[in-house]
Amino acid sequence: MDAEMTLLAGTAGTTIATLLATDAWAGMRNGVIALWRRARPDHEEYVAAQLDASRQDLLDAQADGDEGTEREVAAEWQGRIRRLLVTHPELTAELRSLLAELAPHTHTTASVTQRATASGSSRVYQAGHDLNVDKR
C-alpha cells in the first residue's frame, strides 16, 4: 500500500501546485484543509498558512519567470500528503474524491518534448500517456 500512497500523494502534490495559481485555488485550499481537519484539527491553521505561503511563493516565482518553483512546491506537498496518509490511511478515499472533484481544473496546455538516443541493439519506448510493451 505504501507505493499506492506515494503515487496518490504525488498526484495530490502536483494538483495542489497546479491549482495554487488558478481561480480554482480556493476550492482546492478548502478541500486540503478539510483533510487535515479530520485527522489533525490542531494543524488546520498551520496547513492553511502553508498553502497560502506556497501560493505566494508560486505567484512570485511566476512573476520572476522561475519555472522550478512549481516542481518544488509539488514535492513539498507530496511529502506532506504522504505523511498524512501514512498516519491516517482512512483519508485515502476522501483524498481520491477531492482529486476527482478538482480534476476538471487541472487540465493545462503544457507542451511535452521528448528526446531519446538508442545505440547498439537497445530500444527506446516513449509515450505521452499510457504505454504497454509486449515483448513476446
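Everything below is about the structure shown above.
All of these numbers come straight from a predicted model, not from anything done at the bench.

Along its length, the protein chain carries 5 helices and 0 strands. Seen through its C-alpha atoms, the protein chain measures out along the principal axes to roughly 60 × 40 × 25 Å. Counting every position in the protein chain, which comprises 136 residues, the buried fraction comes to 32%. For the protein chain, contacts bridging at least 24 residues in sequence account for 66% of all contacts bridging at least 6. As displayed, the protein chain has an accessible area near 9,000 Å², and 47% of this comes from carbon and sulfur atoms. Distance between charge centres in the protein chain, computed from 14 positive and 20 negative side chains, equals 8 Å.

Turning next to the nonpolar core. Residues Ile16, Met28, Val32, Leu51, Trp77, Ile81 and Leu95 are the most contacted members of the largest nonpolar core, which totals 30 residues. Counting only elements with at least two residues in this core, the list comes to α1 (2-19), α2 (25-39), α3 (44-63), α4 (69-87) and α5 (92-102). Counting residues per element, this core draws most heavily on α1, which supplies 7 residues. Each residue touching Met28, except ones within four places of it in the same chain, is listed here: Ile16, Leu19, Leu20, Leu51 and Leu102.

In contact at an axis separation of 7 Å, α1 and α4 are set at 140° when each is read in the N-to-C sense. Between α1 and α4, the interaxial angle falls into the category oblique. The element α1 and its partner α4 pack so that their crossing is right-handed. Between α1 and α4, the residues in contact are Asp2, Met5, Thr6, Leu8, Ala9, Gly10, Ala12, Gly13, Thr14, Ile16, Ala17 and Thr18 and Glu70, Val73, Ala74, Trp77, Gln78, Ile81, Arg82, Leu85 and Val86, respectively. Looking at side-chain class alone, the contact of α1 with α4 contains 12 nonpolar, 6 polar and 3 charged residues.

The rules behind each value
Residues numbered from 1 in each chain as written. Predicted model: local features only at pLDDT ≥ 70, side-chain atom pairs only at ≥ 80, totals over all residues. Heavy atoms only, no water. Helix = DSSP H or I, 4+ residues; strand = E, 2+ residues; numbered from the N terminus. Buried < 20%, exposed > 50% of the residue type's maximum accessible area, 1.4 Å probe, protein only. Contact = heavy atoms within 4.5 Å. Areas by Shrake-Rupley, 256 points an atom, 1.4 Å probe, with all protein chains shown as cover. Lys, Arg positive; Asp, Glu negative; His and termini not counted. Charge placed at Lys NZ, Arg CZ, Asp CG, Glu CD. Core = buried A, V, L, I, M, F, W, Y, C linked by side-chain atoms within 4.5 Å. Axes fitted to C-alpha atoms, helices over the stretch in contact; angles between N-to-C directions. Parallel < 35°, antiparallel > 145°, perpendicular 65-115°, else oblique. Left-handed = near helix turned anticlockwise from the far one by under 90°. Nonpolar A, V, L, I, M, F, W, Y, C, P; charged D, E, K, R; others polar.

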